[in-house]
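If you want the building blocks of each chain, they are given just below.
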Amino acid sequence: MKTFVIAALTSVVGTAALASGPVAPVYEPPVTIAPVASYDWSGAYAGLGVTYGRGDMSTGVATPNYPDVQGAGLSGIAGYNWQNGNMVYGAEIALDVSNRDGTNDCGVGGTLTCTSASDHQASIRGRLGYAMDRSLVFMTAGYGTDSRSVVVDNAGVTVAGDGARFGGAMLGLGYEHALSNDWTVRGDYEHYFYGDETFGATTVDGDLDLVRFSLVRRF
């Protein structure tokens, strides 16, 4: 009798389970892995590097027509970054000791020779960038200045010369990549809106384009 009752109950339970349909699988939420901390760009830094620049010495249609200055230089840069999420902002100074020069016939030919030269350049600027872990793209904006000179020779004898200091706004774009926690490499393109200065009686437009490559130590 007991065996009959147990069999009957088993049959009823099994029939009810089949009638209710298949059992839904239990949902297990995916395991969330904590993100790895991104590179920290905040703090002080200083670096050394090389530059190559070309500075206009445009006199329009006036004579003498001075040659543009171009050439390489040695660069120093120092600044401080703050970081908020992916945004990086800061301020920096950049110095450039250069050997940029140029020579032409002053635009008149004959025995005249004009030589232009620029031996140093500096800027102070703000920096705003977007960090992607160890990579940083950024722009710079600020004020720059450089010193230039011109010499006019006639058959090898100096007959005139003058100098002036240019100054004006600058804008730049750049990319920086972290090699380690302490060292980065960086490349900048910079344009300086230097405008006009007067050499003797001649007005010269002196805008400058500069590329800069630096090895940077972070502190």
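Residues numbered from 1 in each chain as written. Predicted model: local features only at pLDDT ≥ 70, side-chain atom pairs only at ≥ 80, totals over all residues. Heavy atoms only, no water.

## With respect to the pairing of strand β7 (residues 183-193)
Next up, step 1: Where strand β6 (residues 157-178) and β7 come together, ten bridges link them in antiparallel fashion. By the bridge assignment for β7, L171 is matched with H191.
Next up, step 2: Count of turn residues in the β6/β7 antiparallel hairpin: four residues.
Next up, step 3: Examined bridge by bridge, β7 and strand β10 (residues 208-218) share ten bridges and lie antiparallel to one another. Within β10, the position partnered with E190 by the bridge is L210. (Pairing = 2+ DSSP bridges. Helix = DSSP H or I, 4+ residues; strand = E, 2+ residues; numbered from the N terminus.)

## A look at the packing of aromatic side chains
Next up, step 1: Under the defined criterion, the tally for this structure stands at seven aromatic pairs.
Next up, step 2: Between Y80 and W82 the ring centres are 4.9 Å apart and the planes differ by 55°, which places this aromatic pair in the tilted class.
Next up, step 3: Classification of W82 as partly exposed rests on a relative accessible area of 44%.
Next up, step 4: Each ring, one from Y192 and one from Y194, has its centre 5.5 Å from the other, and the planes form 35°; the classification is tilted.
Next up, step 5: Taken together, the ring pairs in this structure connect Y66, F166, Y192, Y194 and F199 into an aromatic cluster.
Next up, step 6: In this structure, R127 is placed above the aromatic ring of F138, and the distance from its NZ or CZ to the ring centre is 4.6 Å.
Next up, step 7: Sitting over the face of the ring of F166, R148 holds its NZ or CZ atom 4.5 Å from the ring centroid. (Phe/Tyr/Trp six-rings, centres within 6.5 Å; stacked < 30°, edge-to-face > 60°. Buried < 20%, exposed > 50% of the residue type's maximum accessible area, 1.4 Å probe, protein only. Lys NZ or Arg CZ within 6 Å of the ring centre and 35° of its normal.)

## Quick word on the confidence of the model for the protein chain
The predicted structure's coordinates, where accompanied by low pLDDT, should not be read in detail.
Next up, step 1: Model confidence for the protein chain is summarised by a mean pLDDT of 88, while 85% of its residues fall at 70 or above.
Next up, step 2: Long-range and interchain partners of residues 1-10, a stretch whose pLDDT sits below 50, account for zero contacts in this model, where long-range means more than four residues apart.
Next up, step 3: The model gives residues 12-19 a pLDDT under 50, and that stretch makes zero contacts with residues more than four places away or in other chains. (pLDDT = per-residue confidence, 0-100. Contact = heavy atoms within 4.5 Å.)

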